[in-house]
Amino acid sequence: MRSCRMVRVTSILILGIVLGLAGCATTVQTPSPLEKAVARAKTKSDHEALAQAYDRSAATAKVEAQRHRDLAKAYLGTPGARGTGTLGMASHCENLAGLYDAAAKEYEELAKAHRATAVDTE
């Protein structure tokens, strides 16, 4: 079960990288604030700040997961929305909810790792 989630998360990350690289051909990419913070993190407070940022990302992902579960329920009550296979709207929302749940767990792990690093840098 965990390996299935990891495959999903990895697939999404790879897709994001591929799509991101497609845009690199025409624009200059500058590091995001998060990338800059990760690159310069050296102190306990730096790592705690990163942990808090990942906590916020996890909370946002959990909200999105619930929103998509709610949408799936709404679609199940809509005539013609079930569709077939993975093309049905309710199925689509359930899939997204699962991906957001997986992302939330990954963000929580990142926050945990930065908190452990913060302790080690005291």
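Residues numbered from 1 in each chain as written. Predicted model: local features only at pLDDT ≥ 70, side-chain atom pairs only at ≥ 80, totals over all residues. Heavy atoms only, no water.

Remarks on the packing of helix α2 (residues 33–40) against helix α3 (residues 44–76)
Relative orientation and spacing of two packed helices are given, respectively, by the angle between their axes and the distance between those axes. Their axes nearest at 9 Å, the elements α2 and α3 cross at an angle of 145 degrees. Note that α2 runs across α3; the crossing there is left-handed. From α2, L34, A37, V38 and R40 reach across to α3, where they touch D46, L50 and Y54. When grouped by side-chain class, the residues that make up the contact of α2 with α3 number five nonpolar, no polar and two charged. (Axes fitted to C-alpha atoms, helices over the stretch in contact; angles between N-to-C directions. Helix = DSSP H or I, 4+ residues; strand = E, 2+ residues; numbered from the N terminus. Left-handed = near helix turned anticlockwise from the far one by under 90°. Contact = heavy atoms within 4.5 Å. Nonpolar A, V, L, I, M, F, W, Y, C, P; charged D, E, K, R; others polar.)

So, the pattern of salt bridges
By the definition in use, this model includes five salt bridges. Linking E48 and R115 is a salt bridge whose minimum nitrogen-to-oxygen distance equals 3.3 Å. Residue E48 is found in helix α3, and its partner R115 is found in helix α4 (residues 89–120); the two are separated by 67 residues along the sequence. Residue D55 is joined to R115 by a salt bridge in which the shortest nitrogen-to-oxygen separation is 2.5 Å. (Salt bridge = Lys/Arg side-chain N within 4 Å of Asp/Glu carboxyl O.)

Observations concerning the environment of H114
Mapping H114 onto the fold places it in helix α4. With 76 residues separating them along the chain, H114 and V38 place their C-alpha atoms 9.9 Å apart. The residues contacting H114, other than those within four sequence positions of it, are H47, L50, A51 and Y54.

Description of the packing of α3 against α4
Between α3 and α4, the least distance of the axes is 7 Å, while the angle of their chain directions is 165 degrees. For the element pair α3 / α4, the angle class is roughly antiparallel. For the pair α3 and α4, the sense of crossing is left-handed. Of the residues assigned to the contact of α3 with α4, the class counts are 22 nonpolar, six polar and ten charged. (Parallel < 35°, antiparallel > 145°, perpendicular 65-115°, else oblique.)

What about α4?
For α4, spanning 32 residues, the distance from its first C-alpha to its last is 47 Å, which sits close to the expected 46 Å at 1.5 Å a residue. Taken as a whole, α4 has its buried residues at A90, C93, A97, G98, A102, A104, A111, H114 and A118. (Expected span 1.5 Å × (residues − 1). Buried < 20%, exposed > 50% of the residue type's maximum accessible area, 1.4 Å probe, protein only.)

Examining the environment of A72
Inspection of the secondary structure assignment puts A72 in helix α3. On the accessibility criterion, A72 (0% relative accessible area) is buried. Along the chain, A72 and S91 lie 19 residues apart, while their C-alpha atoms are 7.0 Å from each other. The contact partners of A72, leaving out residues within four places of it in the chain, are A90, C93 and E94.

So, the packing of aromatic side chains
Tallied over the full model, the rule gives one aromatic pair. When the centroid spacing of 6.1 Å and the interplanar angle of 25 degrees are considered together, the rings of Y54 and Y107 count as stacked. Separated by 53 residues along the polypeptide, Y54 in helix α3 and Y107 in helix α4 bring together distant segments of the chain. The exposure class assigned to Y107 is partly exposed, which follows from its relative accessible area of 29%. (Phe/Tyr/Trp six-rings, centres within 6.5 Å; stacked < 30°, edge-to-face > 60°.)

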